[in-house]
Amino acid sequence: MRQATLATVLTDSRCLPVASESKSASQTYLDKRVTKSQRGTKRTRSQRARERLQTKEHLAGLARELHEGELADKLDRCHSRLSVLTCGRHIARIIPNFTCEFRLCPDCGRRRSRKLQTKYLPMMKSFMLHNKVTPVHLVLTQTHRKETRKESAARIRNSFTKLTRRSFWKQYFKGGTWSLEFTKDKNGLHHTHLHVIGFRRKFFDIELLRDEWLAVTGDSHVLHLKPILDLAAGLQEVVKYVSKPLDIRRFGAADLKEFLGLKNMRMFGTFGEFRDFCKGFEPSDDDAMSELETLSRDLVEGCACPQCSAPLFDLRLSKSELPQFYEQIESSPPGKVRRSSH
Ligand SMILES: [Zn+2]
Ligand SMILES: [Zn+2]
(Lines give C-alpha, C1' and ligand atoms only; values in the text may rest on other atoms or scores of the structure.)
(Ligands and ions follow the chains in the order given, each with its own letter.)
Protein backbone atom coordinates (compact mmCIF):
# COMPACT_ATOMS: atom_id res chain seq x y z
CA MET A 1 0.00 0.00 0.00
CA ARG A 2 2.81 2.30 0.93
CA GLN A 3 4.43 1.82 -2.43
CA ALA A 4 1.28 2.24 -4.46
CA THR A 5 0.35 5.41 -2.63
CA LEU A 6 3.77 6.96 -2.78
CA ALA A 7 4.42 6.05 -6.32
CA THR A 8 1.25 7.11 -7.99
CA VAL A 9 1.11 10.72 -7.01
CA LEU A 10 0.25 12.47 -10.22
CA THR A 11 0.72 16.05 -9.31
CA ASP A 12 2.29 18.80 -11.30
CA SER A 13 5.45 20.66 -10.43
CA ARG A 14 3.93 22.74 -7.67
CA CYS A 15 3.07 19.69 -5.63
CA LEU A 16 6.05 17.56 -6.58
CA PRO A 17 9.03 19.46 -7.91
CA VAL A 18 10.81 16.33 -9.14
CA ALA A 19 7.93 15.40 -11.39
CA SER A 20 8.03 18.68 -13.25
CA GLU A 21 6.92 18.60 -16.85
CA SER A 22 9.33 21.34 -17.79
CA LYS A 23 11.61 20.36 -20.62
CA SER A 24 12.57 23.73 -21.94
CA ALA A 25 16.21 23.78 -20.90
CA SER A 26 17.05 20.22 -21.75
CA GLN A 27 15.09 20.05 -25.01
CA THR A 28 17.20 22.42 -26.97
CA TYR A 29 20.66 21.02 -26.87
CA LEU A 30 20.32 17.43 -27.95
CA ASP A 31 21.16 16.71 -31.50
CA LYS A 32 18.07 15.72 -33.49
CA ARG A 33 19.83 12.76 -35.03
CA VAL A 34 20.38 11.27 -31.63
CA THR A 35 17.10 11.69 -29.86
CA LYS A 36 14.41 12.30 -32.46
CA SER A 37 13.17 8.73 -31.99
CA GLN A 38 11.47 9.35 -28.70
CA ARG A 39 11.15 13.06 -28.20
CA GLY A 40 8.21 13.82 -30.39
CA THR A 41 6.28 17.02 -30.03
CA LYS A 42 4.86 18.26 -26.78
CA ARG A 43 1.56 16.56 -26.13
CA THR A 44 -1.18 17.31 -23.67
CA ARG A 45 -1.79 15.19 -20.60
CA SER A 46 -4.92 13.70 -22.14
CA GLN A 47 -2.96 12.71 -25.26
CA ARG A 48 -0.23 11.15 -23.16
CA ALA A 49 -2.78 9.29 -21.01
CA ARG A 50 -4.46 7.99 -24.16
CA GLU A 51 -1.10 6.89 -25.58
CA ARG A 52 -0.30 5.01 -22.38
CA LEU A 53 -3.62 3.23 -22.68
CA GLN A 54 -2.94 2.29 -26.31
CA THR A 55 0.59 1.14 -25.48
CA LYS A 56 -0.73 -1.15 -22.76
CA GLU A 57 -3.43 -2.58 -25.01
CA HIS A 58 -0.81 -3.16 -27.69
CA LEU A 59 1.52 -4.89 -25.22
CA ALA A 60 -1.30 -7.05 -23.83
CA GLY A 61 -2.20 -8.08 -27.39
CA LEU A 62 1.41 -9.05 -28.12
CA ALA A 63 1.60 -10.96 -24.83
CA ARG A 64 -1.49 -12.97 -25.84
CA GLU A 65 0.12 -13.72 -29.21
CA LEU A 66 3.05 -15.17 -27.29
CA HIS A 67 0.69 -17.14 -25.01
CA GLU A 68 1.82 -15.04 -22.05
CA GLY A 69 -1.73 -14.89 -20.68
CA GLU A 70 -0.70 -13.98 -17.16
CA LEU A 71 1.28 -10.95 -18.34
CA ALA A 72 -1.60 -9.87 -20.59
CA ASP A 73 -4.08 -10.09 -17.70
CA LYS A 74 -1.78 -8.11 -15.43
CA LEU A 75 -1.43 -5.37 -18.05
CA ASP A 76 -5.20 -5.27 -18.45
CA ARG A 77 -5.73 -4.93 -14.71
CA CYS A 78 -2.94 -2.39 -14.11
CA HIS A 79 -4.49 1.05 -13.47
CA SER A 80 -7.85 -0.22 -14.76
CA ARG A 81 -9.77 1.48 -11.94
CA LEU A 82 -8.57 4.70 -10.41
CA SER A 83 -9.34 6.75 -7.39
CA VAL A 84 -8.58 10.34 -8.39
CA LEU A 85 -8.26 13.04 -5.77
CA THR A 86 -9.16 16.25 -7.56
CA CYS A 87 -10.58 19.72 -7.12
CA GLY A 88 -12.15 19.46 -10.60
CA ARG A 89 -9.36 21.43 -12.27
CA HIS A 90 -6.21 19.83 -10.84
CA ILE A 91 -5.34 16.30 -9.97
CA ALA A 92 -3.62 16.00 -6.62
CA ARG A 93 -3.25 12.26 -6.48
CA ILE A 94 -4.21 9.11 -8.36
CA ILE A 95 -4.47 5.76 -6.62
CA PRO A 96 -4.74 2.76 -8.95
CA ASN A 97 -6.46 -0.49 -8.04
CA PHE A 98 -3.46 -2.53 -9.17
CA THR A 99 0.06 -2.05 -10.56
CA CYS A 100 1.54 -4.73 -12.84
CA GLU A 101 5.23 -3.74 -12.35
CA PHE A 102 6.04 -4.92 -15.87
CA ARG A 103 9.13 -3.09 -17.10
CA LEU A 104 7.54 -1.88 -20.31
CA CYS A 105 4.26 -0.79 -18.70
CA PRO A 106 4.09 2.99 -19.26
CA ASP A 107 2.11 3.61 -16.06
CA CYS A 108 4.44 1.59 -13.88
CA GLY A 109 7.43 3.06 -15.71
CA ARG A 110 6.34 6.59 -14.87
CA ARG A 111 6.20 5.66 -11.24
CA ARG A 112 9.62 4.04 -11.44
CA SER A 113 11.26 7.05 -13.01
CA ARG A 114 9.59 9.35 -10.48
CA LYS A 115 11.05 7.21 -7.72
CA LEU A 116 14.50 7.44 -9.27
CA GLN A 117 14.19 11.21 -9.44
CA THR A 118 13.11 11.40 -5.81
CA LYS A 119 15.99 9.20 -4.80
CA TYR A 120 18.80 10.72 -6.84
CA LEU A 121 18.04 14.43 -6.98
CA PRO A 122 18.98 15.13 -3.33
CA MET A 123 22.13 13.03 -3.71
CA MET A 124 23.13 14.86 -6.87
CA LYS A 125 22.62 18.26 -5.27
CA SER A 126 24.63 17.24 -2.24
CA PHE A 127 27.39 15.71 -4.39
CA MET A 128 27.69 18.94 -6.39
CA LEU A 129 27.94 20.99 -3.21
CA HIS A 130 30.65 18.78 -1.78
CA ASN A 131 32.68 18.46 -4.96
CA LYS A 132 32.68 21.68 -6.97
CA VAL A 133 31.47 19.89 -10.09
CA THR A 134 28.93 20.86 -12.74
CA PRO A 135 26.50 18.38 -14.35
CA VAL A 136 26.53 17.71 -18.09
CA HIS A 137 24.30 15.49 -20.20
CA LEU A 138 26.35 13.26 -22.44
CA VAL A 139 24.77 11.08 -25.13
CA LEU A 140 27.04 8.31 -26.38
CA THR A 141 26.20 6.40 -29.53
CA GLN A 142 27.69 3.43 -31.33
CA THR A 143 27.58 2.10 -34.87
CA HIS A 144 24.63 -0.12 -35.84
CA ARG A 145 25.49 -3.79 -36.13
CA LYS A 146 23.64 -7.00 -36.66
CA GLU A 147 23.29 -8.12 -33.05
CA THR A 148 20.69 -8.76 -30.36
CA ARG A 149 19.43 -6.05 -28.06
CA LYS A 150 21.38 -7.64 -25.25
CA GLU A 151 24.61 -7.64 -27.26
CA SER A 152 24.05 -4.06 -28.32
CA ALA A 153 23.52 -2.97 -24.69
CA ALA A 154 26.54 -4.94 -23.48
CA ARG A 155 28.71 -3.40 -26.23
CA ILE A 156 27.92 0.20 -25.34
CA ARG A 157 28.22 -0.41 -21.62
CA ASN A 158 31.59 -2.11 -22.07
CA SER A 159 32.80 0.81 -24.15
CA PHE A 160 31.61 3.20 -21.47
CA THR A 161 33.35 1.25 -18.70
CA LYS A 162 36.57 1.43 -20.73
CA LEU A 163 36.08 5.15 -21.21
CA THR A 164 35.68 5.78 -17.47
CA ARG A 165 38.95 3.95 -16.79
CA ARG A 166 40.98 6.21 -19.04
CA SER A 167 43.08 8.98 -17.55
CA PHE A 168 41.37 11.60 -19.73
CA TRP A 169 37.99 10.75 -18.26
CA LYS A 170 39.28 10.67 -14.70
CA GLN A 171 40.90 14.03 -15.18
CA TYR A 172 37.64 15.68 -16.17
CA PHE A 173 34.80 13.67 -14.62
CA LYS A 174 33.91 12.67 -11.11
CA GLY A 175 31.26 10.03 -11.71
CA GLY A 176 27.54 10.31 -12.44
CA THR A 177 24.59 8.25 -13.67
CA TRP A 178 23.92 6.34 -16.87
CA SER A 179 20.76 5.03 -18.52
CA LEU A 180 20.10 3.06 -21.68
CA GLU A 181 17.85 3.98 -24.56
CA PHE A 182 17.01 1.50 -27.30
CA THR A 183 15.81 2.25 -30.79
CA LYS A 184 15.90 0.40 -34.08
CA ASP A 185 16.89 1.89 -37.38
CA LYS A 186 14.88 1.44 -40.57
CA ASN A 187 16.80 -1.75 -41.35
CA GLY A 188 15.80 -3.25 -38.01
CA LEU A 189 19.27 -2.91 -36.49
CA HIS A 190 19.47 -2.06 -32.82
CA HIS A 191 20.59 1.43 -32.07
CA THR A 192 21.51 1.85 -28.44
CA HIS A 193 22.37 5.11 -26.74
CA LEU A 194 23.85 5.70 -23.36
CA HIS A 195 22.61 8.84 -21.60
CA VAL A 196 25.07 9.96 -18.98
CA ILE A 197 24.79 12.67 -16.38
CA GLY A 198 28.45 13.33 -15.77
CA PHE A 199 29.82 15.55 -13.02
CA ARG A 200 32.48 17.58 -14.74
CA ARG A 201 35.46 18.93 -12.83
CA LYS A 202 36.50 21.43 -15.51
CA PHE A 203 36.07 22.35 -19.15
CA PHE A 204 37.73 20.41 -21.93
CA ASP A 205 37.75 20.27 -25.69
CA ILE A 206 34.83 18.13 -26.93
CA GLU A 207 37.01 16.89 -29.80
CA LEU A 208 39.30 15.24 -27.28
CA LEU A 209 36.34 13.38 -25.81
CA ARG A 210 35.31 12.27 -29.30
CA ASP A 211 38.81 10.87 -29.82
CA GLU A 212 38.58 9.02 -26.52
CA TRP A 213 35.20 7.54 -27.44
CA LEU A 214 36.55 6.47 -30.80
CA ALA A 215 39.53 4.86 -29.09
CA VAL A 216 37.32 2.68 -26.87
CA THR A 217 34.60 1.84 -29.40
CA GLY A 218 36.93 1.39 -32.33
CA ASP A 219 34.42 2.85 -34.79
CA SER A 220 32.27 5.56 -33.25
CA HIS A 221 33.02 9.14 -32.41
CA VAL A 222 29.42 10.36 -32.33
CA LEU A 223 28.48 11.89 -29.01
CA HIS A 224 26.79 15.00 -27.72
CA LEU A 225 27.45 16.98 -24.63
CA LYS A 226 25.68 19.93 -23.08
CA PRO A 227 25.70 21.48 -19.64
CA ILE A 228 22.66 20.84 -17.48
CA LEU A 229 21.28 24.16 -16.30
CA ASP A 230 18.35 22.78 -14.33
CA LEU A 231 19.33 19.61 -12.50
CA ALA A 232 15.75 18.42 -11.87
CA ALA A 233 14.86 18.78 -15.56
CA GLY A 234 18.15 17.18 -16.62
CA LEU A 235 17.59 14.20 -14.37
CA GLN A 236 14.01 13.86 -15.57
CA GLU A 237 15.23 13.84 -19.17
CA VAL A 238 17.62 11.01 -18.44
CA VAL A 239 15.38 8.81 -16.27
CA LYS A 240 12.54 8.97 -18.75
CA TYR A 241 14.36 6.27 -20.71
CA VAL A 242 13.93 3.98 -17.72
CA SER A 243 10.18 4.26 -18.14
CA LYS A 244 10.34 4.40 -21.93
CA PRO A 245 13.38 2.42 -23.02
CA LEU A 246 12.06 1.95 -26.52
CA ASP A 247 9.31 2.83 -28.92
CA ILE A 248 6.70 0.23 -28.05
CA ARG A 249 4.20 1.33 -30.67
CA ARG A 250 6.53 -0.10 -33.31
CA PHE A 251 7.05 -3.22 -31.25
CA GLY A 252 6.13 -6.67 -32.59
CA ALA A 253 5.67 -10.00 -30.83
CA ALA A 254 9.29 -10.93 -31.60
CA ASP A 255 10.50 -7.73 -29.91
CA LEU A 256 8.45 -8.49 -26.81
CA LYS A 257 9.79 -12.04 -26.75
CA GLU A 258 13.32 -10.73 -26.93
CA PHE A 259 12.62 -8.22 -24.19
CA LEU A 260 11.14 -10.91 -21.91
CA GLY A 261 14.46 -12.71 -22.23
CA LEU A 262 16.28 -9.65 -20.83
CA LYS A 263 14.71 -9.84 -17.40
CA ASN A 264 17.69 -8.74 -15.41
CA MET A 265 19.14 -6.13 -17.68
CA ARG A 266 19.91 -2.93 -15.85
CA MET A 267 18.68 0.25 -17.47
CA PHE A 268 20.01 2.80 -15.01
CA GLY A 269 23.01 3.00 -12.73
CA THR A 270 25.59 5.19 -11.07
CA PHE A 271 29.35 5.17 -11.58
CA GLY A 272 32.60 6.57 -10.28
CA GLU A 273 32.84 8.68 -7.16
CA PHE A 274 29.14 9.50 -7.35
CA ARG A 275 28.38 5.81 -6.93
CA ASP A 276 30.38 5.63 -3.68
CA PHE A 277 28.81 8.88 -2.52
CA CYS A 278 25.31 7.41 -3.01
CA LYS A 279 26.18 4.39 -0.86
CA GLY A 280 27.10 6.67 2.02
CA PHE A 281 23.99 8.77 1.45
CA GLU A 282 21.41 6.03 2.17
CA PRO A 283 20.08 7.32 5.55
CA SER A 284 19.18 10.77 4.24
CA ASP A 285 17.65 9.13 1.16
CA ASP A 286 15.09 7.50 3.45
CA ASP A 287 14.33 10.92 4.86
CA ALA A 288 13.60 12.24 1.40
CA MET A 289 11.26 9.34 0.68
CA SER A 290 9.28 9.76 3.86
CA GLU A 291 8.91 13.45 3.17
CA LEU A 292 7.32 12.69 -0.16
CA GLU A 293 5.18 10.01 1.40
CA THR A 294 3.93 12.43 4.02
CA LEU A 295 3.16 15.01 1.35
CA SER A 296 0.98 12.63 -0.62
CA ARG A 297 -0.53 10.79 2.34
CA ASP A 298 -1.69 14.02 3.93
CA LEU A 299 -3.92 14.82 1.01
CA VAL A 300 -7.39 13.36 1.45
CA GLU A 301 -10.91 14.22 0.44
CA GLY A 302 -11.85 17.66 1.79
CA CYS A 303 -8.25 18.95 1.89
CA ALA A 304 -7.41 22.10 -0.01
CA CYS A 305 -6.04 21.56 -3.52
CA PRO A 306 -2.29 22.36 -3.37
CA GLN A 307 -2.68 24.50 -6.49
CA CYS A 308 -5.92 26.44 -6.07
CA SER A 309 -7.09 25.67 -2.51
CA ALA A 310 -10.51 24.44 -3.69
CA PRO A 311 -11.66 21.36 -1.75
CA LEU A 312 -10.50 18.02 -3.09
CA PHE A 313 -12.98 15.23 -3.76
CA ASP A 314 -12.58 11.60 -4.69
CA LEU A 315 -13.50 10.70 -8.24
CA ARG A 316 -13.69 7.04 -9.31
CA LEU A 317 -12.67 6.53 -12.92
CA SER A 318 -12.11 3.60 -15.23
CA LYS A 319 -8.90 3.59 -17.26
CA SER A 320 -10.62 4.86 -20.39
CA GLU A 321 -12.22 7.72 -18.45
CA LEU A 322 -8.91 9.17 -17.28
CA PRO A 323 -7.94 10.65 -20.68
CA GLN A 324 -11.47 12.10 -20.90
CA PHE A 325 -11.08 13.67 -17.49
CA TYR A 326 -7.75 15.23 -18.49
CA GLU A 327 -9.48 16.56 -21.60
CA GLN A 328 -12.23 18.08 -19.50
CA ILE A 329 -9.62 19.78 -17.30
CA GLU A 330 -7.72 21.04 -20.34
CA SER A 331 -10.83 22.54 -21.91
CA SER A 332 -12.16 24.17 -18.74
CA PRO A 333 -11.55 27.90 -18.65
CA PRO A 334 -9.29 28.83 -15.73
CA GLY A 335 -11.24 29.71 -12.62
CA LYS A 336 -14.22 27.56 -13.47
CA VAL A 337 -14.39 24.50 -11.30
CA ARG A 338 -16.56 21.73 -12.59
CA ARG A 339 -17.44 18.87 -10.39
CA SER A 340 -18.24 15.66 -12.16
CA SER A 341 -19.83 12.76 -10.37
CA HIS A 342 -19.81 9.10 -11.20
ZN1 LIG B 1 1.67 -1.45 -14.96
ZN1 LIG C 1 -7.08 22.88 -7.77
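Residues numbered from 1 in each chain as written. Chains lettered and ligands numbered in written order. Predicted model: local features only at pLDDT ≥ 70, side-chain atom pairs only at ≥ 80, totals over all residues. Heavy atoms only, no water.

Some details on the overall build of the chain
Then, number 1: The helix and strand tally for the chain stands at 13 helices and eight strands.
Then, number 2: When the 342 residues of the chain are sorted by exposure, 54% land in the buried category.
Then, number 3: For the chain, long-range pairs separated by at least 24 residues make up 77% of all intrachain contacts whose partners lie at least 6 apart in sequence. (Helix = DSSP H or I, 4+ residues; strand = E, 2+ residues; numbered from the N terminus. Buried < 20%, exposed > 50% of the residue type's maximum accessible area, 1.4 Å probe, protein only. Contact = heavy atoms within 4.5 Å.)

Here's the deal with the coordination of the zinc ion (ligand 2)
Then, number 1: For the zinc ion (ligand 2), the full set of protein donor atoms is Cys87 (SG), His90 (ND1), Cys305 (SG) and Cys308 (SG), at a range of 2.1 to 2.3 Å.
Then, number 2: Given four donor atoms and angles of 103 to 113 degrees at the metal, the environment of the zinc ion (ligand 2) is assigned as tetrahedral.
Then, number 3: The sequence motif formed by the donor residues of the zinc ion (ligand 2) is C-x2-H-x214-C-x2-C. With cysteine 87 in the loop between strand E1 (81-86) and strand E2 (91-96) and cysteine 305 in the loop between helix H12 (272-297) and strand E8 (313-318), the pair connects residues that are 218 residues apart, well separated along the chain. Accessibility classification places cysteine 87 together with cysteine 305 in one group, the buried group. (Donors = N, O, S within 2.8 Å, 3.2 Å for Na, K, Ca; no water. Tetrahedral: all angles 85-135°; square planar, octahedral: opposite > 155°, others 65-115°.)

Some remarks on the environment of glutamate 51
Then, number 1: By the element assignment, glutamate 51 lies in helix H4 (residues 45-65).
Then, number 2: Separated by 198 residues in sequence, glutamate 51 and arginine 249 place their C-alpha atoms 9.2 Å apart.
Then, number 3: Setting aside its immediate chain neighbours within four residues, glutamate 51 contacts Arg43 and Arg249.
Then, number 4: Reaching out from glutamate 51, the side chain makes a polar contact with the side chain of arginine 43 at a distance of 2.3 Å. (Polar contact = N/O pair within 3.5 Å; in protein donor to acceptor, adjacent residues only side chain to side chain.)

Details of the environment of methionine 123
Then, number 1: Mapping methionine 123 onto the fold places it in helix H6 (residues 106-131).
Then, number 2: Taking the C-alpha atoms as reference points, methionine 123 and phenylalanine 281, separated by 158 residues in sequence, lie 6.9 Å from one another.
Then, number 3: Once you skip the residues sitting within four places of it in the chain, methionine 123 turns out to touch Phe274, Phe277, Cys278 and Phe281.

Brief notes about the nonpolar core
Then, number 1: In this structure, Phe102, Leu140, Phe160 and Leu256 are the most contacted members of the largest nonpolar core, which totals 46 residues.
Then, number 2: The next biggest cluster of nonpolar side chains, apart from the first, holds 20 residues, and it includes Leu121, Met124, Ile228 and Val239. (Core = buried A, V, L, I, M, F, W, Y, C linked by side-chain atoms within 4.5 Å.)

Side note on the packing of H4 against H6
Then, number 1: The contact between H4 and H6 brings their axes to 9 Å, and the two run at 120 degrees. When the interaxial angle is binned, H4 and H6 end up oblique. Contacts between H4 and H6 involve Arg52, Thr55 and Lys56 from the first element and Pro106, Asp107 and Arg110 from the second.
Then, number 2: Tallied by class, residues from the contact of H4 with H6 come to one nonpolar, one polar and four charged. (Axes fitted to C-alpha atoms, helices over the stretch in contact; angles between N-to-C directions. Parallel < 35°, antiparallel > 145°, perpendicular 65-115°, else oblique. Nonpolar A, V, L, I, M, F, W, Y, C, P; charged D, E, K, R; others polar.)

Observations concerning the coordination of the zinc ion (ligand 1)
Then, number 1: Surrounding the zinc ion (ligand 1) are the protein donor atoms Cys78 (SG), Cys100 (SG), Cys105 (SG) and Cys108 (SG), at 2.2 to 2.4 Å.
Then, number 2: Every donor counted, the four donor atoms about the zinc ion (ligand 1) form angles of 104 to 113 degrees at the centre, which fits tetrahedral coordination.
Then, number 3: Mapped onto the sequence, the donors of the zinc ion (ligand 1) take the spacing C-x21-C-x4-C-x2-C. Each of the two residues, cysteine 100 as well as cysteine 105, counts as buried.

Points about the confidence of the model for the chain
Then, number 1: With 80% of its residues at a pLDDT of 70 or more, the chain shows a mean pLDDT of 81.
Then, number 2: Contacts from residues 1-39, a stretch scored under 50 in pLDDT, to residues over four places away or in other chains number 90 contacts. (pLDDT = per-residue confidence, 0-100.)

Things to note about the sheet that holds strand E6 (residues 223-227)
Then, number 1: With antiparallel pairing, five strands are arranged side by side in an open sheet as E6-E3-E5-E4-E7. The strands lining the two open edges of the sheet, one partner per strand, are E6 and strand E7 (268-271). When strand polarity is set aside, the average angle formed by the axes of neighbouring strands in this sheet is 20 degrees.
Then, number 2: Across four bridges, the pairing between strand E4 (residues 173-184) and E7 is antiparallel. For threonine 177, the partnering residue across the bridge sits in E7 and is threonine 270. (Pairing = 2+ DSSP bridges.)

Side note on the pairing of strand E3 (residues 134-141)
Then, number 1: Most of E3 sits inside the fold, with seven of its eight residues counted as buried.
Then, number 2: The sheet contact formed by E3 and strand E5 (residues 190-200) spans eight bridges and is antiparallel. The residue bridging proline 135 from the neighbouring strand is phenylalanine 199, located in E5.
Then, number 3: Here five bridges tie E3 to E6, and the two strands are oriented antiparallel to one another. For valine 136, the partnering residue across the bridge sits in E6 and is proline 227.

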